[in-house]
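Single-letter residue listing:
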Amino acid sequence: MIKIIEREHIIYTALLYNYIANKEMSLSSSKVDAFLDEIKNNLQSTNYDLSSDEEQNNYLFYCGIYYDEENKIYSFRSEKELNLKSWLYDTLPNEVVRASLFPSSLEKIGVAKENLQVKEKYDWQNGHLDIASTTEEEARTSARSLLESKKCRNIILTTSFKTILDSNEGYRISYVCEEPFERVDTTLPNKTLIKKDC
């Protein structure tokens with residue numbers, strides 16, 4: 001089932017990234033639209049999608065965002081609003097945040113990832129991997145190696161059963177693990193997100 005993410009949350013994210021990286025409170029609607037389109041593309045292989053264009057701007061004001069119709073610019077109403085609404089970003093699913101941090105996404109809003117306060121965190125995830133193998137033991141070993149290569153920790157391989165993968169024998173291995181993900185630190189110490197050089 002596809003879960004819908006409000007476009008306004010992604011507009012908030014674009015403005016937040018721009019503020020952290022460039023210390024600017026606004027972005028042109030063309031940059032924001034390009035960011036939205038890129039994230040929509042990046043989410044195609046996930047269970048997430050963005051709300052439609054028709055629904056856009058339904059509650060920008062609620063999100064602490066002002067849209068200047070004449071100049072076609074999105075901006076935060078104030079630095080205080082930016083801080084108060086940080087929960088909009090903090091509650092985004094990991095897959096959506098990952099899609100927003102791809103270089104192709106950040107490029108659309110003129111943000112360099114190295115200028116963001118990105119931190120790595122871990123979250124419990126479950127899922128399954130389809131592994132082409134003739135034996136269950138080999139499949140389980142390959143599944144563990146694959147998860148370790150993604151820097152997962154506390155890996156628990158649960159069930160496994162034989163399946164056919166593209167006319168080859170294989171196994172579907174279910175797992176639970178702590179998976180790493182990136183998040184931008186949204187705290188605003190001393191009203192400044194970027195430390196100034198001394």
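Every value quoted in this text rests on a predicted model; they were computed, and no experiment measured them.

Visitor: How should the layout of surface pockets be read in this particular structure?
Guide: In this approach the atoms are scanned with a rolling probe the size of a water molecule, which exposes any empty space left behind. Here the largest pocket is characterised by a volume of approximately 190 Å³. Together, Asn94, Glu95, Arg98, Gln125, Asn126, Tyr175, Glu179, Pro180 and Phe181 line the largest pocket. Mapped by element, the contributors of at least two residues to the lining of the largest pocket are helix 5 (94–100), strand 6 (118–132) and strand 8 (168–184). The leading source of residues in the lining of the largest pocket is strand 8, at four residues.

Visitor: Honestly, the state of the cysteines in this entry has me stumped. Any pointers?
Guide: In protein chemistry, a disulfide is the covalent bond that joins the sulfur atoms of two cysteines. In this structure the tally under the stated criterion is zero disulfides. The structure places no disulfide on Cys152, whose sulfur is separated from the nearest cysteine sulfur, that of Cys177, by 3.7 Å.

Visitor: What exactly am I supposed to notice about the pattern of salt bridges here?
Guide: Where charged atoms of side chains with opposite charge meet at close range, the side chains can pair. Evaluation of the coordinates by the stated rule reveals 10 salt bridges. In this structure, Asp130 and Arg172 form a salt bridge, with 2.7 Å as the shortest nitrogen-oxygen distance. On the criterion of sequence distance, the pair formed by Asp130 in strand 6 and Arg172 in strand 8 is long-range, its members being 42 residues apart. Classification of Arg172 by relative accessible area gives partly exposed; the value is 28%.

Visitor: It is not clear to me how the sheet that holds strand 6 should be interpreted in this structure. Could you clarify?
Guide: Whether parallel or antiparallel, the strands of a sheet pair through hydrogen bonds between backbone atoms. Taken in spatial order, the three strands line up as 6-8-7 in an open sheet, and their pairing is antiparallel. If you trace the sheet from one side to the other, it starts and ends with strand 6 and strand 7 (153–165), each paired once. On average, adjacent strands in this sheet sit at an angle of 20° to one another, irrespective of strand direction. On the sheet, helix 7 (residues 136–149) packs against strand 6, strand 7 and strand 8 and is oriented at approximately 135° with respect to strand 7.

What counts and how
Residues numbered from 1 in each chain as written. Predicted model: local features only at pLDDT ≥ 70, side-chain atom pairs only at ≥ 80, totals over all residues. Heavy atoms only, no water. 1 Å grid on protein atoms, 1.4 Å probe; cavity = no way out; pocket = protein on both sides within 12 Å on 5 of 7 lines; lining within 4 Å. Points joined across faces, edges and corners; volume = space filled by probe spheres on them. Helix = DSSP H or I, 4+ residues; strand = E, 2+ residues; numbered from the N terminus. Disulfide = S-S within 2.5 Å. Salt bridge = Lys/Arg side-chain N within 4 Å of Asp/Glu carboxyl O. Buried < 20%, exposed > 50% of the residue type's maximum accessible area, 1.4 Å probe, protein only. Pairing = 2+ DSSP bridges. Axes fitted to C-alpha atoms, helices over the stretch in contact; angles between N-to-C directions. Contact = heavy atoms within 4.5 Å.

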